[in-house]
Amino acid sequence: MKNNALITTRNRRLRNAASAILPPFLFFVLALGVFLLVRPTSSLQAAPRSLLQGSFEVGFSPNGNALNIILNAINGAETSVLVAAYSFTSKPIATALVAAHRRGVAVRVTADAKSNSGRYSAVTFLANQGVPVRINSHYAIFHHKYIVIDDRHLETGSFNFSAAAAKSNAENVLFLRNVPELAEIYTREWEKLWNESETVHAHY
């Protein structure tokens, strides 16, 4: 009998404790549910909307279409081309950027300082052709390889803007069309890199 009385007393205390804790807990669960359902909707759905409205193209190298995807993207630029480059020795890409510059597209390039410090590099060639170019020495390796085009298209991937990437290396290119929100994120980072970089002056 005494044991039953102790069990009954213990159960009553547990029920009282639960009744005191449960309402706040339920309120917390309901509040959390409202927060998750309402607040993040606009921010979380913004990028997917942009991506769903866009399209993409994928290329590989060597012996693939990776280089052609990049060249077609630059050749199709209408207003602006922002390039962030690690190794930049590709004559076809440099030539395409100069052609875009000459037809009135605002082309700017920022590149790794250590990999592009040679007097006859593609970076120097671009500067000599009047394309604004800067080199960045703030990091152990400036390992970016991406291009933002017309504030809405983005090329990225492992593909360096080099002859070796096109002819010898196993590389990939991803070109995303009509993704302005994603392009804006990359542009903000590009502008930061540009502002901390040093200008490459023409040699002639």
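The structure contained in this document is the topic of the report that follows. (Residues numbered from 1 in each chain as written. Predicted model: local features only at pLDDT ≥ 70, side-chain atom pairs only at ≥ 80, totals over all residues. Heavy atoms only, no water.)

The next thing to look at is the pattern of salt bridges. Following the criterion strictly, the structure yields 5 salt bridges and no others. A salt bridge links K192 to E189; the nearest nitrogen and oxygen atoms lie 3.6 Å apart. Taken together, the positions of K192 and E189, both in helix 7 (residues 180-195) and 3 residues apart, correspond to about one turn of that helix. Residue classification places K192 among the partly exposed positions, given a relative accessible area of 36%. Of the charged contacts, one joins K192 and E196 as a salt bridge, the two residues approaching to 4.0 Å between their closest N and O atoms. Three or more residues joined by partner-sharing salt bridges are found here, namely E189, K192 and E196. (Salt bridge = Lys/Arg side-chain N within 4 Å of Asp/Glu carboxyl O. Helix = DSSP H or I, 4+ residues; strand = E, 2+ residues; numbered from the N terminus. Buried < 20%, exposed > 50% of the residue type's maximum accessible area, 1.4 Å probe, protein only.)

The biggest cluster of nonpolar side chains holds 38 residues, and the ones touching the most others in it are F88, I93 and L97. Elements represented by at least two residues in this core include exactly helix 3 (66-75), strand 2 (80-85), helix 4 (91-102), strand 3 (106-112), helix 5 (122-128), strand 4 (133-136), strand 5 (146-149) and strand 7 (171-177). Broken down by element, the residue count for this core peaks at 7 residues, all from helix 3. Leave out the neighbours within four places in its chain, and F88 touches I93, A94, L97, V109, N116, A122, V123, L126 and F161. Counting 12 residues, the second-largest nonpolar core is a separate cluster that includes F142, V148, L154 and V179. (Core = buried A, V, L, I, M, F, W, Y, C linked by side-chain atoms within 4.5 Å. Contact = heavy atoms within 4.5 Å.)

The next point concerns helix 4. Spanning 12 residues, helix 4 covers 16 Å between terminal C-alpha atoms, matching the ideal 16 Å at 1.5 Å per step. Of the residues making up helix 4, those classed as buried are I93, A94, A96, L97, V98 and A100. Here the buried face of helix 4 lies against helix 3, strand 2, strand 3 and helix 5. Positive backbone phi, at 100 degrees, marks G104, one or two positions downstream of helix 4. (Expected span 1.5 Å × (residues − 1).)

This part is about the packing of aromatic side chains. Using the criterion set out here, one finds 3 aromatic pairs in the structure. Measuring from ring centre to ring centre gives 4.8 Å for Y146 and Y186, while their planes differ by 80 degrees; the resulting arrangement is edge-to-face. Taken as a pair, Y146 in strand 5 and Y186 in helix 7 lie far apart in primary sequence, 40 residues in all. Look at Y146 and you get buried, because its relative accessible area is 3%. On the numbers, 5.1 Å between centres and 15 degrees between planes, the contact of W190 with W194 is stacked. Of the two residues, W190 and W194 are both situated in helix 7; the distance of 4 residues between them amounts to about one turn of the helix. The residues W190 and W194 share a single accessibility class, namely buried. (Phe/Tyr/Trp six-rings, centres within 6.5 Å; stacked < 30°, edge-to-face > 60°.)

A separate point is unusual backbone geometry. Cis geometry marks the peptide bond from S61 to P62; its omega dihedral reads 0 degrees. Relative to the helices and strands, P62 is located in the loop between strand 1 (55-61) and helix 3. A positive phi angle is found at N63, which is not glycine, with a value near 60 degrees. Relative to the helices and strands, N63 resides in the loop between strand 1 and helix 3. On the basis of relative accessibility, which here comes to 79%, the residue N63 falls in the exposed class.

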